[in-house]
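Here's the letter readout for the chains.
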Amino acid sequence: MSIRRRNNVTVTGPSDATTLVLAHGFGCDQNMWRLVAPALAQRYRVVLFDYVGSGGSDLSAWSEARYSSLDGYAQDVVDVCEELELDRAVFVGHSVSAMTGVLAARAAPERIGALVMVAPSPRYIDDEGYRGGFDAEDIDELLASLESNYLGWSSAMAPVIMGNPDRPELGEELTNSFCATDPDIARVFARTTFLSDSRDDLKTVTVPTLVLECAEDVIAPREVGAHVHAAIPSSRLVTLDATGHCPQLSAPEATTAAILDFLEARP
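Quick look at the structure, then.

Conventions used here
- Residues numbered from 1 in each chain as written.
- Predicted model: local features only at pLDDT ≥ 70, side-chain atom pairs only at ≥ 80, totals over all residues.
- Heavy atoms only, no water.
- Helix = DSSP H or I, 4+ residues; strand = E, 2+ residues; numbered from the N terminus.
- Buried < 20%, exposed > 50% of the residue type's maximum accessible area, 1.4 Å probe, protein only.
- Contact = heavy atoms within 4.5 Å.
- Phe/Tyr/Trp six-rings, centres within 6.5 Å; stacked < 30°, edge-to-face > 60°.
- Lys NZ or Arg CZ within 6 Å of the ring centre and 35° of its normal.
- Expected span 1.5 Å × (residues − 1).
- 1 Å grid on protein atoms, 1.4 Å probe; cavity = no way out; pocket = protein on both sides within 12 Å on 5 of 7 lines; lining within 4 Å.
- Points joined across faces, edges and corners; volume = space filled by probe spheres on them.
- Nonpolar A, V, L, I, M, F, W, Y, C, P; charged D, E, K, R; others polar.

1. Things to note about the environment of Phe194
For step 1, the next point in the chain: By secondary structure assignment, the location of Phe194 is in helix H9 (residues 183-194).
For step 2, the next point in the chain: For Phe194, a relative accessible area of 5% puts it in the buried group.
For step 3, the next point in the chain: C-alpha separation for the pair Phe194 and Asp140, spaced 54 residues apart in sequence, amounts to 9.4 Å.
For step 4, the next point in the chain: Discounting residues that sit within four places of it in the chain, Phe194 has contacts with Tyr124, Ile125, Ile139, Leu142 and Leu143.

The following block contains the structure:
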């Protein structure tokens, strides 16, 4: 099966420029990058794709066994990079995809030369000495609600995740994105996401890394950004003047500017 078709790969920007690979998070697809990708593509080659099971990907390629682990999503990233013969690309991952990028960079270090982590979280559940934003009961209830009534869960949770209640159209867009995802696939992706613990994987990162956090984010509070930054010696932490978990939609200009500043400061 063609990887380009399987993962609905699209490529824009100058072919001889540094390549940026933009990866979406849970319940979304590459359309989440539409407000930042055009500006990035003016200077860089931009690769967009959908994880198998999301967006315009080939749903027949999805299997619960593969995508019950973040390693399955990381393999999608590696497959896309290998298909395009990428060399030291910059991986830009939103939310759980930030950690997917960490795994992909470890699996194929020749393919990924830098990381941009947008609203990352290596663990969503609080632990001793660590605040992830949720306790275990919160996550159990979240997953139970999602599994019993996915459309209802999407309508209730998407606006909370997006934040910006004064801009309801943003919450509606995320709701629509969630609702467009097959509920059985979403159930597996949600469990993979919210039960993950990738804190130890952060210690393996050796490439230049930008950690982008929002000033207010109920999914990835600022303690999480500080933890990620502290765990990656080569990282730079930038706090966007933005609220919610999706700054590429709620604050696209600031998100784009932070990514460009990081790229232009690289040696």
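2. Some details on the packing of aromatic side chains
For step 1, the next point in the chain: The final tally for this structure, using the stated rule, is 12 aromatic pairs.
For step 2, the next point in the chain: Taking 5.1 Å as the distance between ring centres and 85 degrees as the angle between the ring planes, the aromatic pair formed by Phe49 and Tyr51 counts as edge-to-face.
For step 3, the next point in the chain: Residue classification places Tyr51 among the buried residues on the basis of a relative accessible area of 0%.
For step 4, the next point in the chain: Through a chain of ring-to-ring contacts, three or more aromatic side chains come together here, namely Phe26, Phe49, Tyr51, Tyr67, Tyr73, Tyr124, Tyr150, Trp153, Phe178, Phe189 and Phe194.
For step 5, the next point in the chain: Positioned above the aromatic ring of Tyr130 is the side chain of Arg199, whose terminal nitrogen or guanidinium carbon lies 4.9 Å from the ring centre.

3. Remarks on helix H5 (residues 96-107)
For step 1, the next point in the chain: In this model, H5 (12 residues) spans 17 Å end to end at C-alpha, consistent with the 16 Å of a helix rising 1.5 Å per residue.
For step 2, the next point in the chain: Along H5, 10 of the 12 residues are buried, which leaves the element largely enclosed by surrounding structure.
For step 3, the next point in the chain: Residues of H5 that are buried: Val96, Ser97, Ala98, Met99, Thr100, Gly101, Val102, Leu103, Ala104 and Ala105.
For step 4, the next point in the chain: Of the surrounding elements, those touching the buried residues of H5 are strand E2 (19-23), helix H4 (70-83), strand E4 (89-94), strand E5 (112-118) and H9.

4. With respect to empty space enclosed by the protein
Rolled over the atoms, a probe sized like a water molecule indicates the empty space that remains.
For step 1, the next point in the chain: According to the stated counting rule, one finds 1 cavity of 30 Å³ or more in the structure shown.
For step 2, the next point in the chain: Taken together, 14 residues form the lining of the largest cavity, with Phe26, Ser95, Ile161, Phe178 and His245 sitting closest to its centre.
For step 3, the next point in the chain: Those elements giving two or more residues to the lining of the largest cavity turn out to be helix H8 (168-179) and H9.
For step 4, the next point in the chain: Looking at the lining of the largest cavity residue by residue, the classes come out as 9 nonpolar, 5 polar and no charged.

The values reported here are purely geometric and, on their own, carry no functional implication.
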